[in-house]
Amino acid sequence: MTSDTTHDPADQASGPTRELHRAILSLREELEAIDSYQQRADVSDDPQLKAVYLHNRAEEIEHASMLVEWLRRHDAQFDRMLRTYLFTEAPITSVEKAAAGAAPPPVKR
């Protein structure tokens, strides 16, 4: 179930903030769908139905990934954090500590 609620009047938010809000809501919906399909696949006794659930889960992961990329392209903080943490092999908290000592990348908007 989704929520269109905002903490403040939506009509007072800037256009980019409203778009960011919609993208975050959509990402949340995609993540919830991934979780639902995974749970259904785990408990399904029918191999064909399980295959359908896993196929649907993969599609939702694609959608979530597209939304994360949109967020990265449209929010400088997301861009910095994703560039810091994604596709690293070190323990995540080690990446955080190393990044804290590094100069921040230039901000883009």
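All of the points below concern the structure found in this document.

Cut-offs and rules
- As a convention, each chain's residues are numbered from 1 in the sequence order in which they are written.
- In keeping with the model being predicted, local features are shown solely for residues with a pLDDT of at least 70 and side-chain atom pairs are shown and tallied solely at 80 or more, while totals for entire chains, interfaces and linings include all residues.
- Each side-chain value is worked out from all heavy atoms of the structure, with water and hydrogens disregarded.
- Nonpolar cores are built from buried Ala, Val, Leu, Ile, Met, Phe, Trp, Tyr and Cys residues. Side-chain atoms within 4.5 Å join them into one set.
- Residue exposure (1.4 Å probe, protein chains only): buried if accessible area is under 20% of the type maximum, exposed if over 50%, otherwise partly exposed.
- To qualify as a helix, a DSSP run of H or I must reach at least 4 residues; to qualify as a strand, a run of E must reach at least 2; elements of each kind are numbered from the N terminus.
- In what follows, a contact means two residues having at least one pair of non-hydrogen atoms within 4.5 Å.
- Planes of paired rings set the category: under 30 degrees apart is stacked, over 60 is edge-to-face and the rest tilted, where pairs are Phe, Tyr or Trp rings (Trp by its six-membered ring) whose centres lie within 6.5 Å.
- In our convention, an over-ring charge means Lys NZ or Arg CZ found within 6 Å of a ring centre and within 35 degrees of that ring's normal.
- Angular values range over 0 to 180 degrees, each being the angle between N-to-C directions of two axes fitted as lines to C-alpha atoms, with helices fitted over their stretch in contact.
- What makes a salt bridge here is a side-chain nitrogen of Lys or Arg within 4 Å of a carboxyl oxygen of Asp or Glu, nothing more.

A separate point is the nonpolar core. With 6 residues, the main nonpolar core is built from Ala23, Leu27, Ile34, Ala64, Leu67 and Leu71. Only helix H1 (15-43) and helix H2 (47-74) provide two or more residues apiece to this core. Ignoring any residue separated from it by four or fewer positions in sequence, one finds leucine 27 in contact with Ala64, Leu67, Val68 and Leu71.

Right, let's get into the packing of aromatic side chains. Applying the stated criterion across every chain yields a total of 1 aromatic pair. Judged by centre distance (6.3 Å) and plane angle (35 degrees), the rings of tyrosine 37 and tyrosine 53 are tilted. Here tyrosine 53 lies in helix H2 and tyrosine 37 lies in helix H1, a separation of 16 residues in the sequence. Note on accessibility: tyrosine 37 and tyrosine 53 belong to one class, buried. For the cation-ring pair, arginine 40 lies above tyrosine 37, with the distance from its terminal atom to the ring centre recorded as 5.8 Å.

Helix H3 (residues 76-85) packs onto H2 with a crossing angle of 115 degrees between their chain directions and a minimal axis gap of 5 Å. Between H2 and H3, the residues in contact are Val68, Leu71, Arg72 and His74 and Ala76, Phe78, Asp79, Leu82 and Arg83, respectively.

Once that is clear, we can look at the pattern of salt bridges. Within this structure, the stated rule accounts for 5 salt bridges. Across the salt bridge formed by aspartate 79 and arginine 72, the nearest N and O atoms sit 2.8 Å from each other. In this structure aspartate 79 comes out as buried when scored by relative accessible area, which is 6%. Residue classification places arginine 72 among the buried residues on the basis of a relative accessible area of 16%. Note that aspartate 79 and arginine 83 form a salt bridge whose closest N and O atoms lie 2.8 Å from each other.

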